[in-house]
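Each chain is listed here by its residues.
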Amino acid sequence: MNFKNKNIIVGICGGIASYKTADLVSKLRQKGANVKCIMTSHAQEFVKPVVFGELSGNQVFTDMFGEIKEWDVEHISLAMWADIFVIAPATANILGKCSNGIADDMLSTTLIATKKPVLFVPSMNSNMFENQIVQENIAKLKSYGYYMLEPDIGHLACNVIGKGRFPKTEKIIENIDKILSGKKLLSGKKVVVTAGGTKEEFDPVRYIGNYSSGLMGYSIAKAAAKEDAEVILISTENFEEIYENLKIKKVKTANEMRSASLTLYDEADVFIMAAAVADYRPEKKFTKKVKKENIENLCINLVKNPDILMELGKNKKTQFLVGFAAETNNLIENGLKKLKNKNLDMLIANDVTQSGAGFESKTNIVSVIYKDGKIDSYPKMSKIELGEILINKISSALE
Ligand code: PMT
C-alpha cells in the first residue's frame, strides 16, 4: 500500500484516543502521504499540536483566526488540497456538528467546505456511541455519502468493556486505501439473499404465513449491490431493483424458495438466508375457495417443510453461508446450536420479543455469532444500516 502524492488531512477531536492518532499520522507519512492535521480546541487538551506538527512535517491548523502564514483562505484551501479527510477520533460532538451543518471552528468549517471523501473514525464511551441521537447523526452522515468506520468492541478508557474502541492503525489505513483506490468490497462476488415470509397456501386465496416484511433481507441485498456484488434476492415480497446488479426472484412457498436457492447455490460466493421460512405447510391445497357454509370446524393438517438452510449447509463447498435465528428465549445458546447444526459461517440472532427487533419493524437488534464462537452484539439500529454492517463484516470474513 502506497500513498505517494496523496494529500491526507487528519482531523483530531477531543477524545482520549487522540494520542493513538499520532501513530496513524506517522504511518501515513511513512507510506508516502502528505499529511496535514487540524486539531479542535478539545483535542489540544489531550495532545499538544507540536506532536502532530513533528509527525506530519507540516504546520498544525488549530484556529480559524490565527496569524496567516500564507495568504489564502485556509479552510477553503485545505478543503481543496486534500484527497481525503480522516477524522480520528471522531467524537459525538463532531458527528453532531457535521450532520447538522454547524461550522464553528477550523475542523467543522473545513469539513463543510470540502467535496472530498471524509472518513469518520468514531471512538467514545459505549453509552455515548449507542445513544440514539449519535446513531441518528451517524445514519444521516452515511446517507449523505460520508464514510464511517465502525469502532471496535473492547476495553474502553472509562474502564468498561463495550463498543467504542479506536480501531487499530492498520484497519484505518486499509479503509483509507479502499476509499482512495475506489475499490468496492464485493466486486466480482455473487451474493444470494432470501427475504420475506413464505406463504403456504391451502386454497386459491388463503395461506398460512408469518409477519416477515422482507425488509431485513432487502437491506442486506441492497448493501451488497452497493458494494458491487452481483446480487439475487429470492423474495416473497415485492421490492424495487434499484441497482443494475440487483435482481429479484419472486417466490411464494418454502418449496419454491428451496428450488430457487438450490439452483443458485453452486454459483454463489455468499448465501444469506434472512427469510422466515414456514416450518410447516398444509398437506393439501383445495382447488376451490373453501366455503364456510358447509364447514363448521375447518381442520388443516400440516406437514413439515424442508429446512432449506440445513440442506445448503450439508452441500456447502466454498460458499460463505449465513443464517438468521429468530428467537424468543436463550438467544445466544439457540443461535450457537443453529450455527453448528446447519454448518454456517455466521449466524445473526435476533431476539424477536424485544421492541424494535425482528419481524415487520424498520429496526433490528442483533448479535452476530461467528464460526469461531466470537460474538458481536449491536444496539438497535435501522435494518438499512444493519444491512451495511453485515455486508462489511461478511466481506472482511471473506478476505
Ligand atoms: O423480514 P423482516 O420483517 O425485516 O424481519 C426480519 C426477520 C425477523 C424475518 C429476520 O431478521 C430473521 O430473523 N429471519 C429468520 C427467521 C427464521 O425463520 O428464523 P428460524 O430461527 O426459524 O430459522 C433459522 C434459519 O433457518 C433462518 O436463516 C431461516 O431462514 C432458515 N430456515 C428455517 C426454516 C426452514 N424450513 N428453512 C430454513 O432455511
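Note that this is a predicted model, so its numbers are computed, not measured.

S.K.: So what about the site of the ligand? Which residues, and what values?
M.R.: As a matter of local geometry, the ligand sits amid 28 residues, with Ser212, Ser213, Ala275, Lys338 and Asn350 nearest to it. Between the ligand and Ala275, the relevant distance is 2.7 Å, taken from an oxygen atom to a main-chain nitrogen or oxygen of the residue. Between the ligand and Pro306 there is a distance of 3.0 Å, counted from a nitrogen atom to a backbone nitrogen or oxygen. Of all the elements in the fold, those that place two or more residues in the shell around the ligand are α10 (215-226), α12 (308-314) and β17 (320-327). Within the shell around the ligand, the residues separate by chemical class into 15 nonpolar, 7 polar and 6 charged.

S.K.: Explain the sheet that holds strand β18 (residues 346-351) residue by residue, including any values.
M.R.: Pairing in this open sheet of 8 strands is mixed, and the strands run β13-β12-β9-β14-β17-β18-β20-β21 from one edge to the other. For this open sheet the edge positions go to β13 (246-250) and β21 (375-377), each flanked by a neighbour on one side alone. Across the sheet, the axes of successive neighbouring strands diverge by a mean angle of 15°, strand direction being ignored. Along the sheet face, α10 touches β9 (190-195), β12 (230-235), β13, β14 (270-273) and β17 and points at about 165° away from the line of β9. Each of β14, β17, β18, β20 (366-370) and β21 is contacted by helix α14 (residues 383-398), which is oriented at about 140° to β17, the strand it contacts most.

S.K.: Provide a residue-level description of the UniProt feature "binding site: CTP" (unreviewed entry) in the protein, including the pertinent values.
M.R.: The positions UniProt marks with the feature "binding site: CTP" (unreviewed entry) are Asp279, Lys289, Pro306, Asp307, Ile308, Leu309, Phe324, Lys338 and Lys342. Separation in sequence by 64 residues is matched in space for these annotated residues, since their most distant C-alpha atoms are 37.9 Å apart. Along the chain, the position of Asp279 falls in the loop between β14 and β15 (280-282). Residue classification places Asp279 among the exposed positions, given a relative accessible area of 53%. Contact partners of Asp279, with chain neighbours within four places excluded, come to Val303, Lys304 and Asn305. Mapped onto the fold, Asp307 is located in the loop between β16 (302-304) and α12. Residue classification places Asp307 among the partly exposed positions, given a relative accessible area of 33%. In this structure the side chain of Asp307 is engaged in a polar contact, spanning 3.0 Å, whose partner is the backbone nitrogen of Met310.

So, how was this worked out
- Residues numbered from 1 in each chain as written.
- Predicted model: local features only at pLDDT ≥ 70, side-chain atom pairs only at ≥ 80, totals over all residues.
- Heavy atoms only, no water.
- Near = heavy atom within 4 Å.
- Polar contact = N/O pair within 3.5 Å; in protein donor to acceptor, adjacent residues only side chain to side chain.
- Helix = DSSP H or I, 4+ residues; strand = E, 2+ residues; numbered from the N terminus.
- Nonpolar A, V, L, I, M, F, W, Y, C, P; charged D, E, K, R; others polar.
- Pairing = 2+ DSSP bridges.
- Axes fitted to C-alpha atoms, helices over the stretch in contact; angles between N-to-C directions.
- Contact = heavy atoms within 4.5 Å.
- UniProt positions renumbered as here; feature names shortened; annotations may be inferred.
- Buried < 20%, exposed > 50% of the residue type's maximum accessible area, 1.4 Å probe, protein only.

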